[in-house]
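Fold and contact review
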Amino acid sequence: MPAALALLTLVCWVLGGTEVPVPSFLGGMVSMRVQYFTPVLVIGAILYCLDRRLNAPENTAVVRVKRWDLAAVTAAVALCHLLGLIVGMDIPRNLMVLLAVALTVRRLSNEAAAGAACLLLLLANASLGRVYQPSGQPTGQWWAITLYPSGDLSAWTVAAVLFTGGLLASGQRLSPMRSFT
């Protein structure tokens with residue numbers, strides 16, 4: 001995960017301000033900064049690490065390995081907040097929102113679906129969440145948390161609540177009927 005955070009920082013420094021065209025769900029294209037998509041790098045690394053399991057040691061461990069997994073996820077978010085001082089604080093906020101989605105979808109499905117759900121959320125926010133004021137200035141819809149300015153307290157509160165909910169959902173055991181191990 002530290003390598004993914006280093007890559008996130010490097011991409012934000014080198015290409016962060018570059019605008020890329022993104023297909024819109026309503027037709028046409030919208031323009032987004034590369035920096036907007038960089039949390040997906042960390043999400044991919046976290047999902048990859050969470051997917052690699054050693055069933056025998058994890059089932060017989062004194063302390064549930066899932067607790068260590070969630071501690072590592074939380075540590076990655078904390079490190080990203082430190083890097084946010086360099087790359088912008090909207091990156092760690094968006095990482096928390098995307099991790100909440102990824103952990104919840106992973107709990108219900110698998111890692112591939114979790115990664116796809118994160119990318120779909122970013123694309124939906126980029127194409128459907130942006131509206132223009134009469135002055136021509138772009139602004140985000142109330143539900144497009146990833147488009148809020150980095151200093152918006154309500155977006156931070158929602159991100160923290162969603163991240164906590166994702167951790168709680170991910171930390172619960174599967175019922176015996178749904179257990180696959």
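Residues numbered from 1 in each chain as written. Predicted model: local features only at pLDDT ≥ 70, side-chain atom pairs only at ≥ 80, totals over all residues. Heavy atoms only, no water.

This part covers the packing of helix α4 (residues 65–87) against helix α7 (residues 153–171). Between two packed helices, what matters for the description is the angle formed by their axes and the separation of those axes. Viewed as axis vectors pointing N to C, α4 and α7 meet at an angle of 160°, and their least axial separation amounts to 10 Å. It follows from the interaxial angle that α4 and α7 lie roughly antiparallel. Here α4 and α7 pass one another in a crossing that is right-handed. Here Lys66, Leu70, Val73, Thr74, Val77 and His81 of α4 come into contact with α7, specifically with Trp156, Phe163, Leu167, Ser170 and Gly171. (Axes fitted to C-alpha atoms, helices over the stretch in contact; angles between N-to-C directions. Helix = DSSP H or I, 4+ residues; strand = E, 2+ residues; numbered from the N terminus. Parallel < 35°, antiparallel > 145°, perpendicular 65-115°, else oblique. Left-handed = near helix turned anticlockwise from the far one by under 90°. Contact = heavy atoms within 4.5 Å.)

This brings us to the layout of surface pockets. When its volume is computed, the second largest pocket comes out at roughly 340 Å³. Taken together, 18 residues line the second largest pocket, and the ones lying closest to its centre are Met32, Arg33, Tyr36, Arg130 and Leu147. Those elements giving two or more residues to the lining of the second largest pocket turn out to be β2 (29–33), α5 (90–108) and β4 (138–140). (1 Å grid on protein atoms, 1.4 Å probe; cavity = no way out; pocket = protein on both sides within 12 Å on 5 of 7 lines; lining within 4 Å. Points joined across faces, edges and corners; volume = space filled by probe spheres on them.)

What follows deals with the pairing of strand β1 (residues 19–23). Alignment of β1 against β2, held across 5 bridges, turns out to be antiparallel. When the bridges of β2 are listed, proline 23 appears paired with methionine 29. Remark: 5 residues form the turn of the hairpin made by β1 and β2, two consecutive strands paired antiparallel; glycine 27 in that turn has positive phi of roughly 100°. (Pairing = 2+ DSSP bridges.)

Sequence positions flagged by UniProt for "transmembrane region" (unreviewed entry) are, in local numbering, residues 33–50, 70–92, 112–132 and 153–171. Within residues 70–92, the helical portion is 91% and the strand portion 0%, while the C-alpha atoms at the span's ends are 17 Å from each other. Span residues 112–132 is 81% helix and 14% strand, its end C-alpha atoms 34 Å apart. (UniProt positions renumbered as here; feature names shortened; annotations may be inferred.)

Turning our attention to the packing of α5 against helix α6 (residues 111–128). Between α5 and α6, whose axes approach to 8 Å, the crossing angle comes to 145°. With respect to the hand of their crossing, α5 and α6 are arranged in right-handed fashion. Residues Val97, Leu98, Val101, Ala102, Val105 and Arg106 of α5 form the contact with α6, whose participating residues are Glu111, Ala113, Ala114, Ala117, Cys118, Leu121 and Leu122. Classifying every residue of the contact of α5 with α6 gives 11 nonpolar, no polar and 2 charged. (Nonpolar A, V, L, I, M, F, W, Y, C, P; charged D, E, K, R; others polar.)

Okay, a nonpolar patch on the surface next. A contiguous nonpolar patch, built from Leu7, Leu10, Trp13, Val14, Leu15, Leu41, Leu79, Leu82, Leu85 and Ile86 and spanning about 1,000 Å² of accessible area, is present on the exposed surface. For the nonpolar patch, the secondary structure elements donating two or more residues are α1 (2–15) and α4. If you tally residues by element for the nonpolar patch, the top one is α1, at 5 residues. Accessibility expressed as a relative area gives 56% for leucine 82, which makes it exposed. (Patch = residues over 30% accessible without salt bridge, like charges linked within 9 Å, V, L, I, M, F, W, Y side chains within 5 Å. Areas by Shrake-Rupley, 256 points an atom, 1.4 Å probe, with all protein chains shown as cover. Salt bridge = Lys/Arg side-chain N within 4 Å of Asp/Glu carboxyl O. Buried < 20%, exposed > 50% of the residue type's maximum accessible area, 1.4 Å probe, protein only.)

Further remarks concern the environment of alanine 126. Examined against the element boundaries, alanine 126 turns out to sit in helix α6. Contact partners of alanine 126, with chain neighbours within four places excluded, come to Val30, Met32 and Tyr36.

Residues with a pLDDT of 70 or more make up 95% of the protein, whose mean pLDDT is 87. Across the protein, the secondary-structure element scoring lowest on mean pLDDT is helix α3 (residues 55–60), at 76, and the one scoring highest is α5, at 95. The low-confidence segment residues 177–181, where pLDDT is below 50, has 6 contacts with residues more than four positions distant or belonging to other chains. (pLDDT = per-residue confidence, 0-100.)

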